Amino acid sequence: MDWTYLDNNATTSIDPQAVEAMMPYLTERYGNPSSVHDFGGQVRAAVEGARASVAAALGCDPSEIVFTSGGTESDNMAVRGLLAARDRGTQIVISAVEHSAVRDLADWLEKSGREVIRVPVDAAGRLNLAALEAAVAPDETALVSIMHANNETGVIFPAARIAELCRERGVPFHCDAVQSFGKLPLNVRELGADLVSISAHKFHGPKGVGALYVRRGTRFRPWLLGHQERRRRGGTENVPGIVGMGEAARLAIESIAVETGRVRELRDRLEAGLLAADPSARVNGGGEGCPRLPNTTNISFPGCQSEALLIGLSERGVAASSGAACSSGSLEASHVLRAMAVPAAAAQGALRLSLSRFTTDADIARALETIPAVVARLRALKV
Ligand SMILES: *Cc1c(COP(=O)(O)O)cnc(C)c1O
């Protein structure tokens, strides 16, 4: 089947140029970057080239980049690494809408006896900054971990303001920028966070590789012990993955100026078309004074069940999501939409559509034909 792929917040297609960059490291260049001989040394140089590329994309020094196995590991490593090094405060402050990588870890830490504060959002998905301010205290808070852009709604949080608030109180701040990297111009110095997570497969790189930016001077302990990555993350490097990520980062930055506007225009056309076709449909997240990623829309079709909608679309070659990929198969509405107090009927009929720089006009035309037809059929069947 010829798919219209509108699930780019779950994962993206790998850019053919990234595949090409990786190929030698999957075949003849199999040396270990830690070896003394030059066969390994050449591979080490490729890893360092990728590190320079990722660092340039983030606006930091290459020595501040630690390669990991992806966003989940970067998030876990950030929170655990900060906790292990912290000598003040025991509470953890997160938002109510974090990705499961942070959310599940926080739940687990809470069960182990640690206090977790979940900062609420409003109906548009905006972070309650007053609640954050009240929650963060120098001698009580061990760390703050709040995402940059939400994977379900695309809502962007004011990371620089959060960073400032944390800095004033001497509390370390980790920011999950997995969704914003490659979609928004991102500079970690301007962002101001101490740690920043990214993941290659969310920006047309390979799966199973990511990075954690660790600002120089941050008190941080390694989680996976070993000599690699300046002792900050042990384990022989995923060399092909790292090389692919370096190339994908370069390509993302190169195309960002052109693609942001083009993708936003496609997303807006899709959203407007769906709202026009169904007067009861509503967009979840964003609006006045609430910026969103240019590629994401989360739309509810009250009276439909997300699961039935996704299956109907899949049968017609349109790949979409109901929000968090991990929560599919369960009937419970997404924790993000619940945190935004989206009414149950709307939350149960939510559809997340996420575009990429490979999305075409034809994809949008097909989605605008298919989605209203599936919605109408489900309404008629009352499923
Ligand atoms: C996808 C995602 C992750 C997890 O990244 P993986 O590389 O798939 O482990 C973490 N945070 C956010 C916001 C994500 O969208």
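Residues numbered from 1 in each chain as written. Predicted model: local features only at pLDDT ≥ 70, side-chain atom pairs only at ≥ 80, totals over all residues. Heavy atoms only, no water.

A. Quick peek at the overall build of the chain. Each helix and strand in the chain was counted, giving 12 helices and 12 strands. Here the C-alpha radius of gyration of the chain, 21 Å, is about what a compact globule of 383 residues would show, namely 21 Å. Seen through its C-alpha atoms, the chain measures out along the principal axes to roughly 70 × 55 × 35 Å. A burial count over the chain gives 57% of its 383 residues as buried. In the chain, the share of contacts with a sequence separation of at least 24, taken over all contacts with a separation of at least 6, comes to 75%. Total accessible area computed for the chain in this model is approximately 15,700 Å², and 55% of it derives from carbon and sulfur atoms. Distance between charge centres in the chain, computed from 41 positive and 43 negative side chains, equals 3 Å. (Helix = DSSP H or I, 4+ residues; strand = E, 2+ residues; numbered from the N terminus. Rg over C-alpha atoms; globule rule 2.2 N^0.38 Å. Buried < 20%, exposed > 50% of the residue type's maximum accessible area, 1.4 Å probe, protein only. Contact = heavy atoms within 4.5 Å. Areas by Shrake-Rupley, 256 points an atom, 1.4 Å probe, with all protein chains shown as cover. Lys, Arg positive; Asp, Glu negative; His and termini not counted. Charge placed at Lys NZ, Arg CZ, Asp CG, Glu CD.)

B. Layout of empty space enclosed by the protein. For the structure shown, the criterion picks out three cavities of 30 Å³ or more. For the lining of the largest cavity, the class distribution of residues is seven nonpolar, eight polar and four charged. (1 Å grid on protein atoms, 1.4 Å probe; cavity = no way out; pocket = protein on both sides within 12 Å on 5 of 7 lines; lining within 4 Å. Points joined across faces, edges and corners; volume = space filled by probe spheres on them. Nonpolar A, V, L, I, M, F, W, Y, C, P; charged D, E, K, R; others polar.)

C. Quick peek at the site of the ligand. In the vicinity of the ligand lie 13 residues, with Thr72, Asp176, Gln179, Ser199 and Lys202 positioned nearest. Contact between the ligand and Asp176: a nitrogen atom at 2.6 Å from a side-chain N or O atom of the residue. Residue His201 places a side-chain N or O atom 2.8 Å away from an oxygen atom belonging to the ligand. When the free accessible area of the ligand is taken as 380 Å², the share hidden by the protein chains comes to 89%. Tallying contributions element by element places helix 3 (residues 71–85) first for the shell around the ligand, with three residues. Residue classes in the shell around the ligand are distributed as two nonpolar, eight polar and three charged. (Near = heavy atom within 4 Å. Polar contact = N/O pair within 3.5 Å; in protein donor to acceptor, adjacent residues only side chain to side chain.)

D. Structural detail: the domain arrangement of the chain. Examined at the domain level, the chain breaks down into domain 1 (4–12 + 257–381) and domain 2 (16–251). Contact residues are listed per partner, giving 32 residues for domain 1 and 30 residues for domain 2. Of the roughly 2,500 Å² buried where domain 1 meets domain 2, counting both sides, 54% is carbon and sulfur surface. Ranking the residues of domain 1 by area buried against domain 2 places Thr12, Leu293 and His335 at the top, with a combined share of 24%. At the boundary of domain 1 with domain 2, the tally comes to 17 residue pairs in polar contact (both at pLDDT 80 or more). Listing elements by their share of the side of domain 1 that touches domain 2, those giving two or more residues are strand 10 (296–300) and helix 10 (335–339). Top element by residues in the side of domain 1 that touches domain 2 is helix 10. It accounts for four residues. Broken down by class, the residue content of the side of domain 1 that touches domain 2 amounts to 12 nonpolar, 16 polar and four charged. (Domains from an automatic or database assignment. Buried area = accessible area lost by both parts, 1.4 Å probe.)

E. Spatial organisation of the pattern of salt bridges. Applying the stated criterion to the full structure yields 24 salt bridges. The salt bridge involving Arg169 is made with Glu133; its shortest N-O contact spans 3.7 Å. Taken together, the residues span a long stretch of sequence, with Arg169 in helix 6 (residues 159–169) and Glu133 in helix 5 (residues 129–135) at a distance of 36 residues. Residue Arg262 pairs with Glu259 through a salt bridge whose shortest N-O separation is 2.8 Å. Of the two residues, Arg262 and Glu259 are both situated in helix 8 (residues 239–277); the distance of three residues between them amounts to about one turn of the helix. Note on Arg262: relative accessible area 28%, which makes it partly exposed. Each of Glu48, Arg51 and Glu229 takes part in salt bridges that share partners, so that together they form one network. (Salt bridge = Lys/Arg side-chain N within 4 Å of Asp/Glu carboxyl O.)

F. Examining the side chain of Asn295 more closely. Secondary-structure assignment places Asn295 in the loop between strand 9 (282–283) and strand 10. Look at Asn295 and you get buried, because its relative accessible area is 2%. In this structure, Asn295 is in contact with Asn9, Lys183, Val263, Arg267, Leu353, Ser354 and Leu355, ignoring residues within four places of it in sequence.

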